[in-house]
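Here's the letter readout for the chains.
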Amino acid sequence: MSQIQPSSNALNLARRVLRIEAEAVLALIDRIDSDFLQALRLILNCRGRVVVSGMGKSGHVGRKIASTLASTGTPAYFVHPAEASHGDLGMITRDDVLIALSNSGESAELLMIVPIIKRQGAKLISLTGNAQSTLAIEADVHLDAAVKQEACPLNLAPTASTTAVLALGDALAVALLDSRGFGAEDFARSHPGGSLGRRLLTHVRDVMRVGSAVPEVVPATTLPDAILEMSRGGIGMTAVVSPEHRVIGIVTDGDLRRAFARNLDLRALTVSDIMGREPRAIGPERLAVEAVEMMEQHRINQLPVVDETGILVGALNMHDLFKAKVI
């Protein structure tokens, strides 16, 4: 069987689509005005949830907008307008804000529920491509998402119009995020399963080695015994502690190599002869990513973990952070 090949105009058509959609988004910039600010006020002062609704392709875009809002500090969910007329309308309360999406502004399923929404006291924000449409006129705030043309060569399939609405929804979400002072740690709390969540919610105490897994010696320990302790710990170092169990030094693989290079009699040495004094350490409450940054900045692979008084409570190395997927 012969295979169907792309048309000779495929690349030009694809470039045309991207150009039209890019122009549609750029045209929105001049429409970010007082109406946009009023929409932000309605959402920021909403005592309930933001409900997003739309039919067809607008519905698919609406689901994404609701998801973006929810993950950036604005509680939101999607309600299908047709299902709303058959019971799901009970999900919307007078304390909510409804964001209704319709390019024509005349979607029958949306217009059917608008009077009920307004009667019970919920606020309505419409995103349409027709400022004179019924949905735009009935809304408390209308945001204009009109486009000159669809990217579809037939000017029929929703393409540029859905891209414009999606971009406008992102603009709302980001402006709300900033107004709420929503930060990276807040974002991580709603994404605990992702890499960002691991990076921002994992503390040193979550990944550090504790108890007998932490190699430690005293300054008078002979070097051969210290080497045995380092081998037992398996993290390329041993902490050196005082009688009060405070960290006063550290011996690493690098210290041993330097001692070998100086042709010293290792059997006659003690830990105090080669240890690094006042070593870098980190607290258990610090973020694990801060341990990574410290290791990278100072080109080290391990850290003792100490409490606020300098007492040894744990240790970790780069492999522990790899294992925890912090890196």
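Residues numbered from 1 in each chain as written. Predicted model: local features only at pLDDT ≥ 70, side-chain atom pairs only at ≥ 80, totals over all residues. Heavy atoms only, no water.

Some points on the confidence of the model for the chain
Short version of the rule: pLDDT expresses, on a scale from 0 to 100, how confident the predictor is about each individual residue. Strands are runs of DSSP state E lasting at least two residues, helices are runs of H or I lasting at least four, and both sets are numbered from the N terminus onward.
Of all residues in the chain, 94% attain a pLDDT of 70 or more, and the chain-wide mean is 91. Least confident of the elements in the chain is helix α9 (residues 195-201), whose mean pLDDT is 62; most confident is strand β5 (residues 141-144), at 98.

Brief notes about unusual backbone geometry
Where we set the bar: Only protein chains enter the area calculation, which uses a 1.4 Å probe; residues under 20% of their type maximum are buried, those over 50% are exposed, and those in between are partly exposed.
Residue Glu278 is not a glycine yet carries a positive backbone phi of 50°. Inspection of the secondary structure assignment puts Glu278 in the loop between β9 (276-277) and α14 (288-298). At Arg299, a residue that is not glycine, the phi angle is positive and equals roughly 55°. With respect to the secondary-structure elements, Arg299 resides in the loop between α14 and β10 (302-306). For Arg299, a relative accessible area of 79% puts it in the exposed group.

What to know about the pairing of strand β8 (residues 247-252)
The test is simple: A pair of strands is considered paired only if DSSP assigns at least 2 bridges between the two.
Across the six residues of β8, five count as buried, placing the element largely inside the fold. Pairing geometry for strand β7 (residues 237-241) and β8, over five bridges, is antiparallel. Residue pairing in the sheet places Met237 in a bridge with Thr252 of β8. Linking β7 back to β8 in an antiparallel pair, the connection comprises five residues, with His245 at a positive phi of about 75°. Relative to β9, β8 runs antiparallel, the two being bridged by two bridges. Along β9, the bridge assignment pairs Gly249 with Arg277.

Observations regarding the pattern of salt bridges
Convention followed: When a carboxyl oxygen of Asp or Glu lies within 4 Å of a side-chain nitrogen of Lys or Arg, that pair is called a salt bridge.
Scanning the model with the defined rule gives 10 salt bridges in all. One salt bridge in this structure joins Lys64 and Asp170, with 2.8 Å as the shortest N-O distance. Here the residue Lys64 occupies a position in helix α3 (residues 56-71), and Asp170 occupies one in helix α7 (residues 160-180), the gap between them amounting to 106 residues. Linking Asp206 and Arg205 is a salt bridge whose minimum nitrogen-to-oxygen distance equals 4.0 Å. Taking the relative accessible area as the measure of exposure, Arg205 reaches 38% and is therefore partly exposed. Among the charged side chains, a network of salt bridges with common partners joins Arg205, Asp206 and Glu285.

What to know about the packing of helix α2 (residues 34-44) against α7
We apply this condition: Axis geometry follows a simple rule: fit a line to the C-alpha atoms, using only the stretch in contact for helices, then measure angles between N-to-C directions, giving values from 0 to 180 degrees. Here the angle decides the label: under 35 degrees means roughly parallel, over 145 means roughly antiparallel, 65 to 115 means roughly perpendicular, and every other value means oblique. Rotating anticlockwise by less than a right angle from the far helix to the near helix defines a left-handed crossing, while the corresponding clockwise rotation defines a right-handed one. In what follows, residue pairs with any heavy atoms lying within 4.5 Å of each other are defined as contacts. Throughout, the ten residues Ala, Val, Leu, Ile, Met, Phe, Trp, Tyr, Cys and Pro are labelled nonpolar, Asp, Glu, Lys and Arg are labelled charged, and all others, Gly among them, are labelled polar.
One way to put it is that α2 packs onto α7 with a least axis distance of 10 Å and a crossing angle of 60°. As the angle between them shows, α2 and α7 are arranged oblique. Considering only the axes of α2 and α7, their crossing is right-handed. Contacts between α2 and α7 involve Phe36, Ala39, Leu40, Ile43 and Leu44 from the former and Leu168, Ala171, Leu172, Ala175, Leu176, Ser179 and Arg180 from the latter. Here the contact of α2 with α7 is built from residues that sort into 10 nonpolar, one polar and one charged.

So, the environment of Leu154
Looking at the secondary structure, you find Leu154 in the loop between β5 and α7. Taking relative accessible area as the criterion, Leu154 reaches 63% and is therefore assigned exposed. Separated by 15 residues in the primary sequence, Leu154 and Ala139 have C-alpha atoms spaced 31 Å apart.

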